[in-house]
Amino acid sequence: MLRRGGSHEFFIEDSTALIQNRRGNIIGAVMVFRDTTTAQILSQQIVHLAQHDALTNLPNRVLLYDRIEQAILHAKRHGNKFAVLFIDVDKFKNINDSLGHGIGDKLLQLVASRLISCVRASDTVSRLGGDEFVILLSEIDQVEDAAQTAKKIMTELEAPHLVGQHKFFITASIGVSIYPGDGETSEDLLKNADTAMYQAKHQGRNNYQFFTSAMNVRAVERQVVEDNLRTAIERHELILHYQPKVKLDSQLITGAEALVRWMHPTWGMTWPVRFIHIAEDSGLIVPIGRWVMQEACRQVVEWQLAGLNPGTIAVNVSSLEFRNKNFVKGVSDILSQSGLAPQTLQLEITESVLMKDVSFSIEVLAKLKAIGVELAVDDFGTGYSSLSYLLNFPIDVLKIDQSFIKDIVTNKNNGFIVGAVIAMGKNLHHRVIAEGVEDDRQVEFLKEQGCEEGQGYYFSRPVNSDKFKQLLISGVTKPK
């Protein structure tokens, strides 16, 4: 029983034993009272810990499932709808990797507080783990109610978050499922909201998406590809193709870009468009990127030992690789193991990756430059970088994005941009390479503007190592 004493509450457990004489008559009783407050509080704490997230004190997966089950029973009785919102903080891993989990945990606590402020007391805000949250809108009149809550959450999260001396501007991707149309069990509703959230990620992040049946097809495809990709390296299914870079005037080969392909035993040749974004989302791009660099360096050394001169070999570096704490050491180790001269390896990093954290990028680029590798800004012109930042990057090569090359002859604006980039590159003593060159007119325009190198289908499609070896033997891609 519960007793109140002043402002305090305490639990009392009582027991009674009867006292009988020799004749068996009851002549009294003994009552024993025991204070069980400590045990009761401990029991409540254990139950609470089992049902709540330790970091944010929000309901965890166990309690969330129970709440959804209750919502299903209520909806069946009253014929109403409810919504499940699956929320993922965009690019949160970058914060943990660069600033540590302590800062990341404090940011998650702020996010939890913001989410609570966006919903009613009757709703449930829960944390599944990591940067994933789920909100149960226990009762809604129409689907638009869920959309309004999603918009409110996005607006609330976009306001700056202060953690110590750090100011964070974050966004979230939100997937929404509605009972009963999108599932009649808690598992289906959560799974479908999660699927919709991934669709929001693919739509560019910082948006919300309602679940549709078509998403299930894409989700199954994604899972199948990811499962197969996890074993692709061990099964030696990944291969490299090489696309030559050439001198525009002589069409002599100056180097090549290594491009990964997947020779699946059932699907056949599988192009990057089908699996690269999945590799990036799942983190598999890090081991795949390391394999690409190892194989490219090994292959170049093999060509060199055969008396050929392949020039520089370019390897693309993803955002996850670039921010991986072991990336610089990995590059150094691969060069040592392969025996390739550092200046023969060119690392292509997109402008958008470099501009995410300029000070971090400068630090990493300086370490890479100290190793002796070449550094190239890939897809230049698409990231809207400041020239002042570009001056601080120890860059050797600018690769003009193919979107500008495509219409340089017919689109005056593209022509002006390409001409300006070429002039700027020459003034900064950078080599400039035009990507996506496909016809004679583009070649002539680039030559007139002073661009010396190009890459694209006009010269050669990406080819396997044997075909590229034949190109090296001839020395040119298009004999005159």
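In what follows, the structure referred to is the one given above.
Per chain, residue numbering runs from 1 following the sequence as it is written. Since the coordinates come from a predicted model, pLDDT governs what is reported: local features require at least 70, and pairs of side-chain atoms require 80 or more to be given and counted, while whole-chain, interface and lining totals use all residues. Only heavy atoms go into the side-chain values, all of them from the structure, while hydrogens and water stay out.

**Q** Please explain the overall build of the protein as it appears in this structure.
**A** For the purposes of this entry, the term helix denotes a DSSP run of H or I that reaches at least four residues, the term strand denotes a run of E that reaches at least two, and both are numbered from the N terminus. Helix and strand content of the protein: 18 helices and 19 strands. Radius of gyration: over C-alpha atoms. The globule rule applied is 2.2 Å multiplied by the number of residues raised to the 0.38 power. By the compact-globule yardstick of 23 Å for 480 residues, the protein is too spread out, its C-alpha radius of gyration being 31 Å. Along the first, second and third principal axes, the C-alpha set of the protein runs to 125 × 50 × 50 Å. A buried classification covers 45% of the 480 residues belonging to the protein. Calculation of accessible area relied on Shrake-Rupley with a 1.4 Å probe; when residues are assessed, cover is drawn exclusively from the protein chains displayed. For the protein, the accessible area works out to roughly 24400 Å², and carbon and sulfur atoms hold 52% of it. Under this rule, positive means Lys or Arg and negative means Asp or Glu; His and the chain ends count for nothing. To locate a charge, take atom NZ for lysine, CZ for arginine, CG for aspartate or CD for glutamate. Charge centroids of the protein, computed over 50 positive and 57 negative side chains, lie 2 Å from each other. Think of it in three bands: residues with accessible area under 20% of the maximum for their type are buried, residues over 50% are exposed, and the middle band is partly exposed, with areas taken using a 1.4 Å probe on protein chains only.

**Q** Just to check I follow, could you spell out the sheet that holds strand E4 (residues 81-89) for this structure?
**A** Backbone-to-backbone hydrogen bonds pair the strands of a sheet. The strands run either parallel or antiparallel. The criterion for strand pairing is that DSSP finds at least two bridges linking the strands in question. Sheet architecture is open: five strands sit in the order E5-E6-E4-E9-E10, paired in mixed fashion. This sheet does not close on itself; its edge strands, each paired only once, are strand E5 (124-129) and strand E10 (208-210). Here the strands of the sheet are splayed against their neighbours by 20 degrees on average, with no regard to which way each runs. Taken together, the three bridges between strand E9 (residues 172-179) and E10 define a ladder with parallel strand orientation. Directly across from Ile 174, in E10, lies its bridge partner Tyr 208. Where helices are involved, their axes are fitted lines through C-alpha atoms of the stretch in contact, as for all axes, and angles between N-to-C directions lie from 0 to 180°.

**Q** Would you mind going over the packing of aromatic side chains with me for this structure?
**A** The geometry of an aromatic ring pair is captured by the separation of the ring centres together with the interplanar angle, meaning the angle of the planes. Any two of the Phe, Tyr and Trp rings considered here, Trp counted by its six-membered ring, make a pair once their centres fall within 6.5 Å; the pair's planes then place it as stacked at under 30 degrees, edge-to-face at over 60, or tilted in between. Scanning all chains against the criterion turns up 10 aromatic pairs. Between Trp 262 and Trp 267, the ring centres sit 5.4 Å apart and the planes meet at 70 degrees, which makes this aromatic pair edge-to-face. On the basis of relative accessible area, Trp 267 is assigned to the partly exposed category, the value being 27%. On the numbers, 5.1 Å between centres and 85 degrees between planes, the contact of Tyr 458 with Phe 459 is edge-to-face. Residues Tyr 458 and Phe 459 agree in their burial class; the two are buried. Members of the aromatic cluster, joined through ring pairs, are Tyr 242, Trp 303 and Phe 468.

**Q** Help me understand unusual backbone geometry in this model?
**A** Leaving glycine aside, a negative phi is the common case for residues, and trans is the common case for peptide bonds. Pro 180 follows Tyr 179 through a cis peptide bond whose omega is 5 degrees. Within the fold, Pro 180 resides in the loop between E9 and helix H6 (186-202). If you check the backbone angles, Arg 205 has positive phi at about 70 degrees while not being a glycine. Among the structural elements, Arg 205 can be located in the loop between H6 and E10. Overall, the relative accessible area of 30% leaves Arg 205 in the partly exposed class. The phi angle at His 429 is positive, at roughly 65 degrees, despite the residue not being glycine.

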